[in-house]
Amino acid sequence: MDLDLEGIIQCIKQGDDSGVQIHLQAFNKEFAQCFFFDSEERDRRKQRKLEEFRKNKVRDYADSDSDCEQFEQEDRGLVLRQNLAVVLVRFIRSGVRCPLLKVSLRTLRILSRDKKVLGPLVTDGALLTLAKLAGLTAGDPGDESAEPDSEFYDHVIASLAEANAARGCSDEDGGDVEGDEEGDEEGGVEGDEHGDEGGDVEGADSGGPDGAGWPGSHSVDEAHGGSERHKALERGRRDRRQSRPQREGEEEEEEEEEEGTAGEEAQRKEALKVLCNVVYNSTWAQERFSGLRLMRGLSERLSSGASGSSSPSVQFYELRLLFLVTALRRELSTQLQQEGGVSILTAAVESCLGVQWKDQYECVLDPAAPPISLEASQRVIEILKILFNITYSTHRQEPSEDDAALYRHLVAMLRLCLMRKCLLPDDTDELQGHTVNLLSALPLQCLDVLLTVRAEPDSTQSPGVNMECVNALVLFMERRLESGDKMKEKLTPVFNLLTESCRAHRETRRYIREHILPPLRDASHRPEEGSTVKSRLVRLMTHLDTDLKHSAADLIFVLCKENVSRFVKYTGYGNAAGLLATRGLLGGQGPAAPGSEARYSSDSDSDTEEYLRVKDRINPVTGRVEAQQPDPMEGMTEEEKEEEAKRLIMLFNKLSRDEIIQPMGVNSEGKLVPMLGLRDNSLAEEVKSDSESGGEAEETQEE
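Please read these numbers as outputs of a predicted model, since none were measured by experiment. (Residues numbered from 1 in each chain as written. Predicted model: local features only at pLDDT ≥ 70, side-chain atom pairs only at ≥ 80, totals over all residues. Heavy atoms only, no water.)

### Observations regarding the overall build of the protein chain
Stage number 1. Counting its regular elements, the protein chain contains 30 helices and eight strands.
Stage number 2. In the protein chain, which comprises 703 residues, the proportion classed as buried is 46%.
Stage number 3. For the protein chain, the proportion of contacts with a sequence separation of at least 24, taken over those separated by at least 6, is 74%.
Stage number 4. Here the protein chain has roughly 35900 Å² of accessible surface; of this, 49% comes from carbon and sulfur atoms. (Helix = DSSP H or I, 4+ residues; strand = E, 2+ residues; numbered from the N terminus. Buried < 20%, exposed > 50% of the residue type's maximum accessible area, 1.4 Å probe, protein only. Contact = heavy atoms within 4.5 Å. Areas by Shrake-Rupley, 256 points an atom, 1.4 Å probe, with all protein chains shown as cover.)

Pasting the structure below:
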């Protein structure tokens, strides 16, 4: 469908709101599912088609002339979308009635998915207009141009006519250049594309005062340090906040709009969606969000939203916008924290979950309570993501007394997030995942409230301590291990949280060790073989990703009380070598890890009778009982053995001289170093020792 921008402008000039609405609704219906691609993506698609043709020798796609027409049509569509954004930004400032305003904002939301159309949406006037419609500010955004509306729209139409005329001339010139070979044709097409994007688009947009006032899509990035290379936009996951089932043929827009939603609420929601897209896609918009002081208005909205003054749908997009700005702009994250963001967001969590308090740091957990609704779970997830953004740097800090009380209040509600279920299993897993992320960011001493909850008779306990939360974390880790999807992102936070908890709390370590490292009985299999939690963790100790393998190894090492021999016993020296080398423990037990304040009991590891019977036959490298192998030197005389040893030494020397291998040894610090350096250090120490001894002897003679 061709966009009739001139028809839209004529309807606006004539005051025909119904005509404008019909045009925009048609556009919205056509492009509701569209996430526009740029010329770079078109080139990649074209190259893939060409490679497919060369492979199959079958032209199953349009010829080059058709490709030229398609690309030119897409470029023309880009020009129209850019000018439509200019027109709509001007139009919504003029005081549009609610139904048409909602449709216009929906069109802007579709346009804001394309980075090349963001120019008119990132001006201060446009951002303030959208912020006012979203309820973030009450001030008048002002008008960036003193030109009357009629002259402005006439100027846009004239600019479009000039662009079309320039394109026509370019097409005629291209016809003369066309050669007989396909390579010449493709070269002409690429030249036309760059000419349209670099010349005609900017010329068309720069004709009007609004066009002169806002930077074009290329100039926005060039002026503010961005990149000209716009990647193809990927479609995001559909929201699952609506509890009603999807009906066949139902439009996306109708799915998102709740029955009975007031016009003002729908308008605010659409404006928030546009702001989310603009902030996500434009670094300049992120900077101006900070410069225009829109964070204060957003914080105030959230404070009032906690009392129920906003609909759940609007609250969700307010939270999504706040998450984006705190994730993308560090100064805004700091500002929100300094302005009491933790307490505001904690109150929002409390409101979403309907928390009832049993004690100062204990929430009522009713086993018969219904699951968390879809809307509430999605809002809580957004809040937890924001809280992580503003608290992740507090993990190693010593909180003040007031901050510690606030964090403990928050952790008490995070316990509910771990223990309660959502309507959908995926939502439960996502909620628990973000809960784990946030718990790993908070000061460790404030997590004690997870264990101070009074133990019920039927609750999971370990020497009188309530282990319900710890058990939930272990089960969560097991599910993530079984899924095998995005291992680093999903497993590293829970590994780190459990490691720090085990290092600080004896009962937690004992409980988790019983589940992950039970006493060894069967030593006939390698530690990494099998489907147990321990075997999965041991397999991760040799994973390609360094962070993931170190976090898995750290967890097992702490469960072994950071004892090297016990660690090797449960994992095998081959699997343990990576962590031991990193910590300088290859030579055996060394000093504690830097920053480690763990205090472990001196009780020894009790071995089972089954393990003691085969202990002497276990290969410490593989960690299992190996089948007895025949002696390779059986039947050889001493001279033959000596000759074989010399031959092996010569082979090793040759490999070392050719730099195929490098002999390594363990130095006094327990780290791997080349044997040559180890020998030099040993000789230097001997010389130093001899010189000291000689000096002492001379002093004795003088006396």
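What follows continues from the structure just given.
### Examining the packing of helix H22 (residues 487-504) against helix H23 (residues 506-516)
Stage number 1. Contact geometry of H22 with H23 gives a least axis separation of 5 Å together with a crossing angle of 125 degrees. If you check the angle between H22 and H23, you find them oblique. Two packed elements cross with a definite hand, and for H22 against H23 that hand is left-handed. Residues Leu498, Ser501, Cys502 and Ala504 of H22 pack against Arg506, Thr508, Arg509 and Ile512 of H23.
Stage number 2. Here the contact of H22 with H23 is composed, by residue class, of four nonpolar, two polar and two charged. (Axes fitted to C-alpha atoms, helices over the stretch in contact; angles between N-to-C directions. Parallel < 35°, antiparallel > 145°, perpendicular 65-115°, else oblique. Left-handed = near helix turned anticlockwise from the far one by under 90°. Nonpolar A, V, L, I, M, F, W, Y, C, P; charged D, E, K, R; others polar.)

### Structural notes on the side chain of lysine 385
Stage number 1. Residue placement: lysine 385 occurs in helix H18 (residues 374-391).
Stage number 2. Residue class for lysine 385 comes out buried when judged on its relative accessible area of 16%.
Stage number 3. Reaching out from lysine 385, the side chain makes a polar contact with the side chain of glutamate 382 at a distance of 3.1 Å. (Polar contact = N/O pair within 3.5 Å; in protein donor to acceptor, adjacent residues only side chain to side chain.)

### Observations concerning the side chain of threonine 428
Stage number 1. Mapped onto the elements of the fold, threonine 428 is located in helix H20 (residues 425-441).
Stage number 2. Judged by relative accessible area, which is 9%, threonine 428 ranks as buried.
Stage number 3. When residues no more than four places from it in sequence are discounted, the contact partners of threonine 428 are Arg420, Lys421 and Cys422.

### Quick look at the pattern of salt bridges
Stage number 1. All told, the structure shown has 32 salt bridges when counted by the stated rule.
Stage number 2. The shortest N-O distance in the salt bridge between arginine 583 and aspartate 554 comes to 2.9 Å. Taken together, the residues span a long stretch of sequence, with arginine 583 in helix H27 (residues 573-583) and aspartate 554 in helix H25 (residues 546-559) at a distance of 29 residues.
Stage number 3. The exposure class assigned to arginine 583 is partly exposed, which follows from its relative accessible area of 26%.
Stage number 4. The closest approach of N and O atoms between glutamate 638 and lysine 641, which form a salt bridge, is 3.9 Å. Residue glutamate 638 and its partner lysine 641 are located together in helix H29 (residues 638-657), separated by three residues, close to a single helical turn. (Salt bridge = Lys/Arg side-chain N within 4 Å of Asp/Glu carboxyl O.)

### Overview of the state of the cysteines
Stage number 1. Per the stated rule, a full pass over the model turns up zero disulfides.
Stage number 2. The thiol of cysteine 417 is unpaired, and the distance to the nearest cysteine sulfur, on cysteine 422, comes to 8.5 Å.
Stage number 3. Owing to a relative accessible area of 0%, cysteine 417 belongs among the buried residues under this scheme. (Disulfide = S-S within 2.5 Å.)

### Some thoughts on the packing of aromatic side chains
Stage number 1. According to the stated counting rule, one finds four aromatic pairs in the structure shown.
Stage number 2. Residues phenylalanine 316 and tyrosine 317 carry aromatic rings whose centres are separated by 5.1 Å and whose planes lie at 85 degrees to one another, so their mutual orientation is edge-to-face.
Stage number 3. The exposure class assigned to tyrosine 317 is buried, which follows from its relative accessible area of 7%.
Stage number 4. Summarising the aromatic geometry, the rings of phenylalanine 388 and tyrosine 392 are spaced 6.1 Å apart at their centres and angled 25 degrees between planes, so their arrangement reads as stacked.
Stage number 5. Tyrosine 392 gets classed as partly exposed once you look at its relative accessible area, which sits at 42%.
Stage number 6. Above the ring of phenylalanine 323, the side-chain terminus of lysine 385 is found at 4.3 Å from the ring centroid.
Stage number 7. Lying across the ring of tyrosine 611, lysine 569 places its NZ or CZ 4.7 Å from the centre. (Phe/Tyr/Trp six-rings, centres within 6.5 Å; stacked < 30°, edge-to-face > 60°. Lys NZ or Arg CZ within 6 Å of the ring centre and 35° of its normal.)

### Looking at the confidence of the model for the protein chain
Stage number 1. Per-residue pLDDT for the protein chain averages 78, and the proportion of residues at 70 or more is 73%.
Stage number 2. Taken as a whole, residues 174-237 scores under 50 in pLDDT and shows 97 contacts with residues more than four places along the chain or in a different chain. (pLDDT = per-residue confidence, 0-100.)

### What about the nonpolar core?
Stage number 1. Ranked by internal contacts, the top residues of the largest apolar core, which has 160 residues, are Leu321, Leu345, Phe495 and Phe567.
Stage number 2. The residues contacting phenylalanine 567, other than those within four sequence positions of it, are Met541, Ala553, Ile556, Phe557, Cys560, Gly572, Ala576, Leu579 and Leu580. (Core = buried A, V, L, I, M, F, W, Y, C linked by side-chain atoms within 4.5 Å.)

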